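Below are the chains, spelled out letter by letter.
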Amino acid sequence: MSKTFLQRPSLVVMGVAGCGKSSLGQRCAEALGIPLLEGDDFHSPININKMRSGTPLDDADREAWLDLLAQQLQQHPGGVVLTCSALRQRYRNQLREAVPGLRFVFLDLTPEQARERVAARAEHLFPVSLVASQFATLEDPSQEPGVLRLDASRPLDVLLPEVVAWAHKAVAANPLEV
């Protein structure tokens, strides 16, 4: 006899620099009782130096990083929140291949809002000069399955319950059977 139980979700909180991935990701992980993986922590020193110097990353720069993130996701079968820009559909698909049923929370905001937010983070590795390259690379995921699009200009206290409810609903719709 099989037993059905609800698993915990695996989510990627995504969007351009300055959208609030880290802030919302941390709050989601806490609310859902699952670990948080900060995608920026897995960049190579070469990638970090490129970004700090104002050079945008290209697909080749992101390849090993995305491979590492996919491995990290697989190491958390009990659910995890990953913060990752996931700007192109092929990046998201690579992560989906690693973890079937992976969901994405897309924090959407305008270029002006992103520039303002990035400018306010003096200690962050990502300079304002790279914000335009993020928008140039972004392929809107709103029409992809398993994506929740949110207005990143709204307060975290408003966004968090929406994400948690959406994540629980997604998991309830796809319980595991063992």
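Residues numbered from 1 in each chain as written. Predicted model: local features only at pLDDT ≥ 70, side-chain atom pairs only at ≥ 80, totals over all residues. Heavy atoms only, no water.

Q: It is not clear to me how the packing of helix α3 (residues 59-74) against helix α4 (residues 89-98) should be interpreted in this structure. Could you clarify?
A: How two helices sit against one another is set out by the angle between their axes and by the gap between those axes. Axis separation between α3 and α4 bottoms out at 9 Å; the angle between their running directions is 25°. As judged from the angle between their axes, α3 and α4 are roughly parallel. Helix-helix and strand crossings are classified by hand; for α3 and α4 the assignment is right-handed. Along the contact surface, α3 presents D59, R62, E63, L66, D67, L69, A70, L73 and Q74, while α4 presents R90, Y91, Q94, L95 and A98. (Axes fitted to C-alpha atoms, helices over the stretch in contact; angles between N-to-C directions. Helix = DSSP H or I, 4+ residues; strand = E, 2+ residues; numbered from the N terminus. Parallel < 35°, antiparallel > 145°, perpendicular 65-115°, else oblique. Left-handed = near helix turned anticlockwise from the far one by under 90°. Contact = heavy atoms within 4.5 Å.)

Q: Would you mind showing me how to read the sheet that holds strand β3 (residues 36-38) here?
A: Across the sheet, which stays open at both edges, the five strands sit in the order β3-β4-β2-β5-β6 with parallel pairing between neighbours. Every other strand in the sheet has two partners, leaving β3 and β6 (147-151) as the edge strands with one partner each. The mean inter-strand angle of the sheet, taken between neighbouring strand axes irrespective of direction, is 20°. Two elements, strand β2 (residues 10-14) and strand β4 (residues 80-83), share four bridges in a ladder whose sense is parallel. Bridged to V13 within β4 is T83. Contacts between α4 and the sheet are confined to β2, β4, β5 (103-108) and β6, with β5 contributing the most and set at about 150° to the helix. (Pairing = 2+ DSSP bridges.)

Q: So what exactly am I meant to see when it comes to the side chain of R96 here?
A: Structurally, R96 can be placed in helix α4. A polar contact of 3.4 Å, which involves the side chain of R96, links it to the backbone oxygen of P145. (Polar contact = N/O pair within 3.5 Å; in protein donor to acceptor, adjacent residues only side chain to side chain.)

Q: I tried to follow the environment of C28 on my own but got confused; where do I start?
A: With respect to the helices, strands and loops of the structure, C28 is situated in helix α1 (residues 21-32). As for C28 and L125, which are separated by 97 residues in sequence, their C-alpha atoms are 23 Å apart. C28 has contacts with V81, L160 and V163, leaving out every residue within four places of it along the chain.

Q: I'm lost on the environment of L82 in this one. Help?
A: Structurally, the position occupied by L82 is in strand β4. A sequence separation of 57 residues divides L82 from G25, and the C-alpha atoms of the two residues are 7.0 Å apart.

Q: I'm lost on the pairing of β5 in this one. Help?
A: Both faces of the sheet carry side chains from a regular strand, because those side chains alternate between them. Taken across its six residues, β5 has six buried, putting it largely inside the fold. Side chains R103, V105 and L107 of β5 all project onto a buried face; the interleaved residues F104, F106 and D108 project onto the opposite face, where all are buried too. In terms of strand pairing, β2 meets β5 through four bridges, oriented parallel. Bridge assignment links L11 to a residue of β5, and that residue is R103. In this sheet, β6 lies alongside β5 in parallel orientation, the contact comprising five bridges. Residue pairing for β6: F106 is matched across the bridge by R149. (Buried < 20%, exposed > 50% of the residue type's maximum accessible area, 1.4 Å probe, protein only.)

Q: Please explain the pattern of salt bridges as it appears in this structure.
A: If the charged atoms of two oppositely charged side chains come close together, the side chains can form a pair. Applying the stated criterion across every chain yields a total of 10 salt bridges. Here D61 ties to K50 by a salt bridge, and the two come within 2.7 Å at their closest N and O atoms. Remark: K50 occurs in helix α2 (residues 45-52) and D61 occurs in helix α3; sequence separation between them is 11 residues. Taking relative accessible area as the criterion, D61 reaches 15% and is therefore assigned buried. The shortest N-O distance in the salt bridge between E162 and R154 comes to 2.0 Å. Each member of the salt-bridge network shares a partner with another, and the members are D59, R88, R90 and E139. (Salt bridge = Lys/Arg side-chain N within 4 Å of Asp/Glu carboxyl O.)

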